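Topology and contacts: notes
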Amino acid sequence: MDIFRRIGSQFRKPSGTLGTIVSDLMILGNRSAYKTLIKELTLDPNDKILEIGYGPGIGIGLISKRFQNCEIYGIDFSELMFRRATKRNSQLIKNNKVHLFLGDFIETEINTINFSVIYCINVIYFWDDLQKPFEKVRSLLRDDGIFCFYMARNEDLTKVRFARNDIFNKYSIEQITDALKSAGFSEADYNYKHGYFIKAKK
Ligand SMILES: C[S@@+](CC[C@H](N)C(=O)[O-])C[C@H]1O[C@@H](n2cnc3c(N)ncnc32)[C@H](O)[C@@H]1O
């Protein structure tokens, strides 16, 4: 496998030494996306939130700090990320503020429902089909719930060597809004800041 493809596959599911290096890059690169996401969110005390693909767990910590009265759930299918995120957020987990799970969001049965917000940063490229995951997100949201996510622009992704392969689905914003509509979301807005922040209402 060529080196750029190997790096790209580590962004999809980090493992081993290369996965550790790539997850350090995520910490450096994605903090600002989480900060922008936090500005977009309005939450009430006791709300439940779910992050899909929490990676090294930096967003879990930032969001928990900002919304201290909420409970944060997370699911990621990389064992390495599960270990790193668990270590990083150990105190919050002990205090029952954060609940982290290891598993594939698409395949894992999730018993907690009625999330007020489900969010993900840099994850949807790895979903070859958007219908099933979007429908699943919608089914886990409460009636006034919001799905909020960040993705890079497809034109920008094609400029990145490690993303120039079929590991990364390069969705256009039109494909995303159409997929949200066909999954049953009632409304989808987006704004652009280095990438797209998309907000969809159940
Ligand atoms: C590019 S990383 C982004 C990590 C983190 N959100 C960030 O921005 O720093 C993608 C993450 O999503 C996880 N992931 C990808 N597809 C997933 C799926 N179907 N179910 C659960 N986790 C998934 C990967 O293991 C990885 O940790």
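First things first, this report covers the structure right here in the doc.

Here is what the cut-offs are and how they apply
Residues numbered from 1 in each chain as written. Predicted model: local features only at pLDDT ≥ 70, side-chain atom pairs only at ≥ 80, totals over all residues. Heavy atoms only, no water. Axes fitted to C-alpha atoms, helices over the stretch in contact; angles between N-to-C directions. Helix = DSSP H or I, 4+ residues; strand = E, 2+ residues; numbered from the N terminus. Parallel < 35°, antiparallel > 145°, perpendicular 65-115°, else oblique. Left-handed = near helix turned anticlockwise from the far one by under 90°. Contact = heavy atoms within 4.5 Å. Near = heavy atom within 4 Å. Polar contact = N/O pair within 3.5 Å; in protein donor to acceptor, adjacent residues only side chain to side chain. Areas by Shrake-Rupley, 256 points an atom, 1.4 Å probe, with all protein chains shown as cover. Buried < 20%, exposed > 50% of the residue type's maximum accessible area, 1.4 Å probe, protein only. Pairing = 2+ DSSP bridges. Right-handed = clockwise from strand over helix to strand, strands pointing away. Phe/Tyr/Trp six-rings, centres within 6.5 Å; stacked < 30°, edge-to-face > 60°. Lys NZ or Arg CZ within 6 Å of the ring centre and 35° of its normal. Expected span 1.5 Å × (residues − 1). Bend = angle between axes of the 7 residues up to and from the residue.

Between helix α2 (residues 16-40) and helix α4 (residues 79-88), the least distance of the axes is 10 Å, while the angle of their chain directions is 50°. The angle between the axes of α2 and α4 places the two elements in the oblique class. Once α2 is placed against α4, the crossing between them reads as right-handed. Where α2 abuts α4, its residues Gly 16, Gly 19, Thr 20, Ser 23, Asp 24 and Ile 27 lie against Leu 80, Met 81, Arg 84 and Arg 88.

Attention now moves to the site of the ligand. Contacts to the ligand come from 23 residues, most closely from Asn 30, Tyr 34, Gly 53, Asp 76 and Phe 105. The separation between an oxygen atom of the ligand and a polar side-chain atom of Asn 30 is 2.9 Å. Taking Phe 77, its main chain carries an N or O atom lying 3.2 Å from a nitrogen atom of the ligand. The protein chains hide 98% of the 590 Å² of surface that the ligand would expose on its own. Looking at the shell around the ligand, the element that brings in the most residues is α2, giving three residues.

Counting buried positions along strand β1 (residues 48-52) gives four out of five residues, so the element sits mostly inside the fold. Where β1 meets strand β2 (residues 71-76), five bridges bridge the pair, whose relative direction is parallel. The residue bridging Leu 50 from the neighbouring strand is Tyr 73, located in β2. Considered for its hand, the β-α-β crossover made up of β1, helix α3 (residues 58-66) and β2 is right-handed. The pairing of β1 with strand β4 (residues 115-121) spans three bridges and is classified as parallel. Bridging across to β4, Ile 49 finds its partner in Val 117.

Applying the stated criterion across every chain yields a total of 14 aromatic pairs. The interplanar angle of 5° and the centroid separation of 4.5 Å between the aromatic rings of Phe 11 and Phe 162 together place this pair among those described as stacked. In this pair, Phe 11 sits in helix α1 (residues 3-12) while Phe 162 sits in the loop between α7 (154-157) and α8 (173-182), placing the two residues 151 residues apart along the sequence. Phe 162 sits in the partly exposed class, given a relative accessible area of 24%. Summarising the aromatic geometry, the rings of Phe 126 and Phe 168 are spaced 5.0 Å apart at their centres and angled 65° between planes, so their arrangement reads as edge-to-face. You can see Phe 126 sitting in the loop between β4 and α6 (131-140) and its partner Phe 168 sitting in the loop between α7 and α8, a full 42 residues away along the chain. With relative accessibility at 5%, the residue Phe 168 sits in the buried group. Ring pairs connect the aromatic residues Phe 11, Tyr 125, Phe 126, Phe 162 and Phe 168, which therefore count as one cluster. Note that Lys 13 overlies the ring of Phe 77, its terminal NZ or CZ placed 4.7 Å from the centroid.

Looking now at α2. With 25 residues, α2 should cover 36 Å at 1.5 Å per step; its first-to-last C-alpha distance of 34 Å lies within 8% of that length. If you look at α2, its biggest bend is around 45°, right at Asn 30. Regarding α2, the residues found buried are Gly 19, Val 22, Ser 23, Met 26, Ile 27, Asn 30, Ala 33, Tyr 34, Thr 36, Leu 37 and Ile 38.

On to the environment of Lys 201, then. Within the element layout of this structure, Lys 201 appears in strand β7 (residues 196-201). Residue class for Lys 201 comes out partly exposed when judged on its relative accessible area of 41%. Expressed as a C-alpha distance, the spacing of Lys 201 and Ile 113, which sit 88 residues apart in the sequence, is 16 Å. Once you skip the residues sitting within four places of it in the chain, Lys 201 turns out to touch Gly 145, Ile 146, Phe 185, Ser 186 and Glu 187.

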